[in-house]
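Close look at the chain arrangement
The chain contents come next:
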Amino acid sequence: MTNTILELRNISKRYGDKKVLNDISLKVNLGDMILIKGSSGAGKSTLLNILAFLEAKDCGEIFWKGKNIDSLTIKEKKGIRKREMGFIFQEFNLFENLTVKENLDVVLSLTTKTTKEDRKGRIKEYLQKFQMEDRGDTYVKLLSGGERQRVAIVRTFLTDSTIVFADEPSANVDDKNKDIIKGYLVELKNAGKSIVIVSHDDYYDKIANRIYEIKNGYIKKIPGEGER
Ligand SMILES: Nc1ncnc2c1ncn2[C@@H]1O[C@H](COP(=O)(O)OP(=O)(O)OP(=O)(O)O)[C@@H](O)[C@H]1O
Ligand SMILES: [Mg+2]
């Protein structure tokens, strides 16, 4: 049995005249922590959006647990995204006018079959675990960038996502929160989830088990470094 969750085969993507991604092949296996690096505009977010079925590819194939996603309906793809994918995206984030607890409750009630009481208990447990209990009743619009990212991470723990995508998880975050977020990502991996991080800097090199770089539209594996 294969342990590949998500696979891209020869994916290309252009915006107008600009070819952003060229012949990209990539496998995400169970328990992988993959880091994709590249300079600003290299195509990292585009690649992440394609991996999460949020952006259409021009050509190539995408397999989710061995199944070509072109054979899935929009509803099936949405279902996978909702139940099995977690997102730590700065621009794909939280409901500003709900509190932290309410935000977590929304996602739990959408992705799991639980009673309000069960959800309350679970949310409390996780906020405690991540030392965010005192922020539970705070409106998201009043949180800092780092705190938002932390809530987004707690959200990915709460749901039973198989794979978590993190787009520059420590952008606009101070050093202290940066370290906390890195620690959470390691915990997510230890919880058995596959993780794909994109980042322009070297901050995540040490926790990744494979590192790639996107340059001029092509992806290249950075050999050795971080290999475990
Ligand atoms: N919807 C779009 N329409 C047109 N061009 C786009 C679109 N999305 C991205 N691009 C272009 O594709 C290229 C890659 O963008 P992308 O956002 O993937 O880069 P990135 O590596 O994530 O950069 P950053 O590190 O700054 O976030 C850029 O030149 C960008 O302008
Ligand atoms: Mg980006």
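Everything below is about the structure shown above.
Overview of the structure.

Conventions we followed
Residues numbered from 1 in each chain as written. Chains lettered and ligands numbered in written order. Predicted model: local features only at pLDDT ≥ 70, side-chain atom pairs only at ≥ 80, totals over all residues. Helix = DSSP H or I, 4+ residues; strand = E, 2+ residues; numbered from the N terminus. Expected span 1.5 Å × (residues − 1). Buried ≥ 20, exposed ≤ 12 C-beta atoms within 10 Å, placed from the backbone. Arc of directions from axis to C-beta. Contact = placed C-beta atoms within 7 Å. Near = placed C-beta within 6 Å. Nonpolar A, V, L, I, M, F, W, Y, C, P; charged D, E, K, R; others polar. Axes fitted to C-alpha atoms, helices over the stretch in contact; angles between N-to-C directions. Parallel < 35°, antiparallel > 145°, perpendicular 65-115°, else oblique. Left-handed = near helix turned anticlockwise from the far one by under 90°. Pairing = 2+ DSSP bridges.

**Notes on helix 6 (residues 175-190)**
Between its terminal C-alpha atoms helix 6 stretches 23 Å, which fits the 22 Å expected from 16 residues at 1.5 Å a residue. Of the positions making up helix 6, those classed as buried are Ile180, Ile181, Tyr184, Leu185 and Leu188. Looking straight down helix 6, one finds its buried side chains confined to an arc of 145 degrees; they lie on one side. Exposed positions of helix 6 whose direction lies more than 90 degrees from the buried face are Asp175, Lys176 and Asn190. Contacts from the buried residues of helix 6 go to helix 5 (145-158), strand 7 (163-167) and strand 8 (194-199).

**Let's talk about the site of ligand 1**
In the region of ligand 1, the neighbouring residues are Tyr15, Lys18, Val20, Gly38, Ser40, Gly41, Ala42, Gly43, Lys44, Ser45, Thr46 and His200. When contributions to the shell around ligand 1 are tallied by element, the ones reaching two or more residues are strand 2 (18-29) and helix 1 (44-51). Its residues assigned to classes, the shell around ligand 1 comprises three nonpolar, seven polar and two charged.

**With respect to the packing of helix 3 (residues 100-111) against helix 4 (residues 116-129)**
Relative orientation of the contacting elements helix 3 and helix 4 amounts to 125 degrees, with a least axis distance of 10 Å. With respect to each other, helix 3 and helix 4 are oriented oblique. Read as a crossing pair, helix 3 and helix 4 show a hand that is right-handed. Taking contact as the criterion, the partners of Lys101, Leu104, Asp105, Leu108 and Ser109 in helix 3 are, on helix 4, Arg119, Arg122 and Ile123. Among the residues making up the contact of helix 3 with helix 4, the classes are represented as three nonpolar, one polar and four charged.

**Quick look at helix 1**
Burial analysis of helix 1 places seven of its eight residues in the buried class, the great majority of the element. Considered for burial, the residues of helix 1 that qualify are Lys44, Ser45, Thr46, Leu47, Leu48, Ile50 and Leu51. The inward-facing, buried residues of helix 1 contact strand 1 (4-15), strand 2, strand 3 (33-37), strand 7, strand 8 and strand 9 (210-215). Phenylalanine 53, located one to two residues past helix 1, shows a positive phi value of around 60 degrees.

**Section: the sheet that holds strand 8**
Strand order in the open sheet made by the six strands is 6-7-8-3-9-10, with mixed pairing throughout. Unpaired on one side and paired on the other, strand 6 (85-89) and strand 10 (218-221) mark the two borders of the sheet. Mean inter-strand twist for the sheet, computed between neighbouring axes without regard to direction, equals 20 degrees. Both strand 3 and strand 9 contribute to a ladder of four bridges, which runs parallel. Bridging from a neighbouring strand, leucine 35 pairs with isoleucine 211 of strand 9. Against the sheet, helix 5 makes contact with strand 6 and strand 7, and its axis sits at roughly 175 degrees relative to strand 6, the strand it touches most.

**Quick word on the sheet that holds strand 5 (residues 67-68)**
Strand order in the open sheet formed by four strands is 2-1-4-5, with antiparallel pairing between adjacent strands. Each edge of the open sheet carries a strand with a single partner, namely strand 2 and strand 5. In the sheet, strand 1 pairs with strand 4 (residues 59-64) via five bridges, with the strands oriented antiparallel. Note that in strand 4 the partner of leucine 6 across the bridge is tryptophan 64. Contacting strand 1 and strand 2, helix 1 runs over the sheet at an angle of about 130 degrees to strand 1.

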